[in-house]
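# Per-entry structural report
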Amino acid sequence: MSNEATSNERLNDADAPLIGTVLAVQANYCQVRLNPSSLAPHRSSLLCTRRARLKKLGQQVMVGDRVEIVEPDWAGGRGAIAGVLPRKSQLDRPPIANAEQILLVFALAEPPLEPYQLSRFLVKAESTGLGVRLCFNKSDLLTLEQQQQWRDRLQQWGYQPVFISIRDGIGISEVRDLLKLRISAVAGPSGVGKSSLINALIPTVHLRTNEVSGKLSRGRHTTRHVELFTLPDGGLLADTPGFNQPDLTCHPHELANYFPEARQRLAQQSCQFSDCLHRNEPNCAVRGDWERYEHYLAFLEEAIAYQEQINQQADPESSLKLKTKRGKRQYEPKLDTKYRQHSRRTQHQALEQLYQEAEES
Ligand SMILES: Nc1nc2c(ncn2[C@@H]2O[C@H](COP(=O)(O)OP(=O)(O)OP(=O)(O)O)[C@@H](O)[C@H]2O)c(=O)[nH]1
Ligand SMILES: [Zn+2]
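Definitions and limits used
- Sequence order sets the numbering: in each chain, residues are counted from 1 along the sequence as written.
- For this description, chains carry letters from A and ligands carry numbers from 1, given in the order in which they are written.
- Note on the predicted model: pLDDT of at least 70 is required for a residue's local features to be given, and 80 or more for side-chain atom pairs to be given and counted; whole-chain, interface and lining totals, by contrast, use all residues.
- Side-chain measures were taken over the full set of non-hydrogen atoms in the model, leaving aside hydrogen atoms and water.
- UniProt positions are given in the numbering used here, feature names are shortened, and annotations may be inferred rather than shown by experiment.
- Strands are runs of DSSP state E lasting at least two residues, helices are runs of H or I lasting at least four, and both sets are numbered from the N terminus onward.
- Working definition: with a 1.4 Å probe on protein chains only, accessible area under 20% of the residue-type maximum means buried, over 50% means exposed, and in between means partly exposed.
- Whether two residues are in contact is decided by their heavy atoms: any pair within 4.5 Å suffices.
- By convention in these notes, a residue is near a molecule or strand provided one of its non-hydrogen atoms lies within 4 Å of it.
- Here a polar contact is taken to be a pair of N or O atoms separated by no more than 3.5 Å, where protein atoms must pair a possible hydrogen donor with a possible acceptor and residues adjacent in sequence count only if both atoms sit in side chains.
- Exposure was quantified through the Shrake-Rupley algorithm and a 1.4 Å probe, taking into account, for residues, occlusion by the shown protein chains and nothing else.
- Distances up to 2.8 Å from the metal define which N, O and S atoms are donors, and 3.2 Å serves for Na, K and Ca; water is absent from the atom set, so sites may look incomplete.
- Every angle between 85 and 135 degrees makes a four-donor site tetrahedral, while opposite donors more than 155 degrees apart, with all other angles between 65 and 115, make a four-donor site square planar and a six-donor site octahedral; other sites are irregular.
- Being paired, for any two strands, means DSSP has found at least two bridges between them.
- Here, axes are lines fitted to C-alpha atoms. For helices the fit covers the stretch in contact, and angles between N-to-C directions go from 0 to 180 degrees.
- In these notes the angle categories are as follows: under 35 degrees is roughly parallel, over 145 is roughly antiparallel, 65 to 115 is roughly perpendicular, and the rest is oblique.
- Amino acids outside the nonpolar list (Ala, Val, Leu, Ile, Met, Phe, Trp, Tyr, Cys, Pro) and the charged list (Asp, Glu, Lys, Arg) are all regarded as polar, and Gly is one of them.
- Definition of nonpolar core: a set of buried residues of the types Ala, Val, Leu, Ile, Met, Phe, Trp, Tyr and Cys, connected through side-chain atoms within 4.5 Å.
- Note that the domain bounds reflect an automated or database-derived domain assignment.
- Only the six-membered ring of Trp is used, alongside the rings of Phe and Tyr, when aromatic pairs are assigned; centres must lie within 6.5 Å, and planes under 30 degrees apart are stacked while those over 60 apart are edge-to-face, with the rest tilted.
- Each reported salt bridge corresponds to a side-chain nitrogen of Lys or Arg within 4 Å of a carboxyl oxygen of Asp or Glu.
- Take the far helix as your reference; a near helix turned counterclockwise from it by less than a right angle gives a left-handed crossing, and one turned clockwise gives a right-handed crossing.

Named according to an unreviewed UniProt entry, the chain is Small ribosomal subunit biogenesis GTPase RsgA originating from Chroogloeocystis siderophila 5.2 s.c.1. Under the UniProt heading Subcellular location (unreviewed entry), the entry covering the chain gives this text: "Cytoplasm".

So, in C-alpha cells, the structure goes:
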C-alpha cells in the first residue's frame, strides 16, 4: 500500500525503482499515483502503458496494484509499467488488488432496509476474506429508538454498524477514520447514498475526475471500469459498480463461515460430522434459534445449485449417466448426491456406513 514504502523506495538515489499505485485501468492505459517518496518532479501521477513483456506473461494489472514504472516522461506525464509487486489480496469482481476491507453501505430507509438483502451483501462481502464494515446511511429518516433497534439487531448478527446521515453531516468523520490509510471497496444497493458518501469524503473528487485528461476522463458513472479515489487523509477508496447483485457462488461447505453467528457457535462446539451442511444432520452445532439461520438455509440452497451447475460444466461425463430406454442408449443428468437432502432412510444408511468405516479404520 502506498503508505508502506519499502526500504528500497526510501533510498533517495537515482537507481531506486519508481513505484506507484494503479488508480484506474482503461483500455491500454493505467493511471498510476506515484509514491510520495519517489523522485517524481512536479508529478503525482503518470498515465502508463503496459510493457509488452507483461502482456506476454499474462500478468494482469488491476486497480490497487503496486507497480514499477520505467521510462518516465515527466514533461508528457507518461510512463510504462514494467512489473507488478506481489498482491496482498485480490478481488475478482470487480477487479481490485490489495484491498483490505469492504465498506457496505445501506440506507435505513428510502429504499427500505431489507434484512434478507442486507444478509446477502454481508455474506458476499465476508466470502472475499477481506474485513467487512457496515455503514447505515439516512439516519435522519429514523427516530433514535428505531436506530437503536437496528443497532441491537445487527449486534446479534455480529456487526457494529456506523450510523450516518450524509444529508445532516452525521458520522462522516467516523467513516473517515475507518478508511484511513487503507484500500477499501465501497459496495451496496442502488440509491443508498454511495456517491453522496464518496463526495462527502472527497470534496475534490469531481475536480480530480475532470483533471484527468483524454483516455480516462469518462468519470465514475460509467460502470465499465473501477476507479480508486484518493482520500484526503490517506487511503484509497474504490467504487464497485459490479458488486450490486451479489450471487452466492461460494462452496456450500464454506457458507457457514460467512455468518459471524455460525462462526461463534462453531468456535464453541463442533458438529458431529466434519462435512455437516448444518441442515438436518444429527448433533449439529450451527442449527439453532438464531435469526439468520433461515437466511443460511436459503443461501445454502443457492450455493448448492451453483456448485452443481459448475460441476456439470467442468465434467459433463460425471454428471451424466448412461441409461437404456426402449432399447436406446442415452445420457441423462445425474443429480449430485453430495448435496441432496437425504431421506431418513438414506441418512440412516449413510450413518451406518460411517460408523462401519470408523470401526474399520
Ligand atoms: N434523507 C437522506 N437522503 C440521502 C442521504 N444521503 C443521500 N441521500 C439521497 O439518496 C439518493 C441516492 O443517493 P446516491 O448517492 O445517488 O446513491 P448511490 O448509492 O450512489 O446510488 P447508485 O448510483 O444508484 O448506486 C439521493 O437522492 C441523495 O440525495 C441522507 O443522509 N439522508
Ligand atoms: Zn452442523
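There's more to say after this.
Once that is clear, we can look at the UniProt feature "binding site: Zn(2+)" (unreviewed entry) in the chain. According to UniProt, the feature "binding site: Zn(2+)" (unreviewed entry) maps to Cys271, Cys276, His278 and Cys284 in the numbering used here. Within the element layout of this structure, Cys271 appears in the loop between helix H8 (260–268) and helix H9 (293–314). On the basis of relative accessibility, which here comes to 13%, the residue Cys271 falls in the buried class. Not counting the four nearest positions on each side in its chain, His278 is found in contact with Ala256, Leu266, Cys271, Cys284, Val286, Arg287, Tyr293, Tyr296 and Leu297.

What follows concerns the site of ligand 1. Neighbouring ligand 1 are 15 residues; Asp140, Ser190, Lys194, Ser195 and Ser196 lie closest to it. Here Ile166 contributes a backbone N or O atom positioned 2.8 Å from an oxygen atom of ligand 1. Taking Gly191, its main chain carries an N or O atom lying 2.9 Å from an oxygen atom of ligand 1. Within the complex, 65% of the 660 Å² of free accessible area of ligand 1 lies under protein.

Turning our eyes to something else, we now look at the coordination of the zinc ion (ligand 2). Within the first shell, the zinc ion (ligand 2) binds the protein through Cys271 (SG), Cys276 (SG), His278 (ND1) and Cys284 (SG), at distances of 2.1 to 2.3 Å. Here the zinc ion (ligand 2) binds four donor atoms, and the angle range of 102 to 115° at the metal identifies the geometry as tetrahedral. Site description for the zinc ion (ligand 2): donor spacing in sequence, C-x4-C-x1-H-x5-C. As far as burial versus exposure is concerned, Cys276 and Cys284 are alike and both buried.

Pairing is mixed around the closed barrel formed by five strands, whose spatial order is S1-S2-S3-S5-S4. Sheet twist, expressed as the average angle between the axes of neighbouring strands with direction ignored, equals 50°. As paired elements, strand S1 (residues 18–26) and strand S2 (residues 29–34) share six bridges and run antiparallel to each other. In the strand pairing of S2, Val22 is matched with Val32.

Our focus in this paragraph is the packing of helix H5 (residues 172–179) against helix H6 (residues 194–201). It is the contact of H5 with H6, at a shortest axis distance of 11 Å, that shows an interaxial angle of 80°. With respect to H6, the axis of H5 lies roughly perpendicular. Contacts from Ile172, Val175, Arg176 and Leu179 in H5 reach Leu197, Ala200 and Leu201 in H6. When the residues that make up the contact of H5 with H6 are grouped by side-chain class, the tally is six nonpolar, no polar and one charged.

So, on to the nonpolar core. With 45 residues, the main nonpolar core has Ile81, Ile96, Leu118 and Phe136 as its most contacted residues. Looking at this core, the element that brings in the most residues is helix H3 (residues 115–126), giving four residues. Counting residues domain by domain, this core receives three or more from each of domain 1 (7–86) and domain 2 (96–199 + 221–243). For Ile96, the contacting residues outside a window of four places in its chain are Met62, Val63, Ser89, Gln90, Leu91, Ile183, Ala185, Val226, Ala238 and Thr240.

Turning our eyes to something else, we now look at the packing of aromatic side chains. Using the criterion set out here, one finds nine aromatic pairs in the structure. Between the aromatic rings of Tyr116 and Phe299, the centroid separation amounts to 5.2 Å while the plane-to-plane angle is 40°, which identifies the pairing as tilted. Note that Tyr116 is positioned in helix H3 and Phe299 in helix H9, a separation of 183 residues in sequence. Of the residues examined, Tyr116 reaches a relative accessible area of 37% and is grouped as partly exposed. Both rings, one in Trp290 and one in Tyr293, keep their centres 5.7 Å apart while their planes meet at 55°; by these two values the pair is tilted.

Per the counting criterion, the structure on display carries eleven salt bridges. Among the ionic pairs, Arg167 bridges to Asp168, the shortest N-O distance being 3.2 Å. With relative accessibility at 43%, the residue Asp168 sits in the partly exposed group. The salt bridge involving Lys180 is made with Asp177; its shortest N-O contact spans 3.5 Å. Connected through salt bridges with shared partners, the residues Asp140, Arg167 and Asp168 form a single ionic network.

Across the nine residues that make up S1, a large majority, eight, are buried. Summarising the sheet, S1 and strand S4 (residues 66–73) pair through four bridges and their orientation is antiparallel. The residue of S4 that forms the bridge with Leu18 is Ile69. Following S1, the chain reverses through two residues before pairing antiparallel with S2; Ala27 in that reversal takes a positive phi of roughly 50°.

Running from amino to carboxyl end, H3 crosses H9 at an angle of 60°, the nearest separation of the two axes being 11 Å. Considered as vectors, H3 and H9 are oriented oblique to each other. Read as a crossing pair, H3 and H9 show a hand that is right-handed. Residues Pro115, Tyr116, Ser119, Arg120 and Val123 of H3 form the contact with H9, whose participating residues are His295, Ala298, Phe299 and Glu302.

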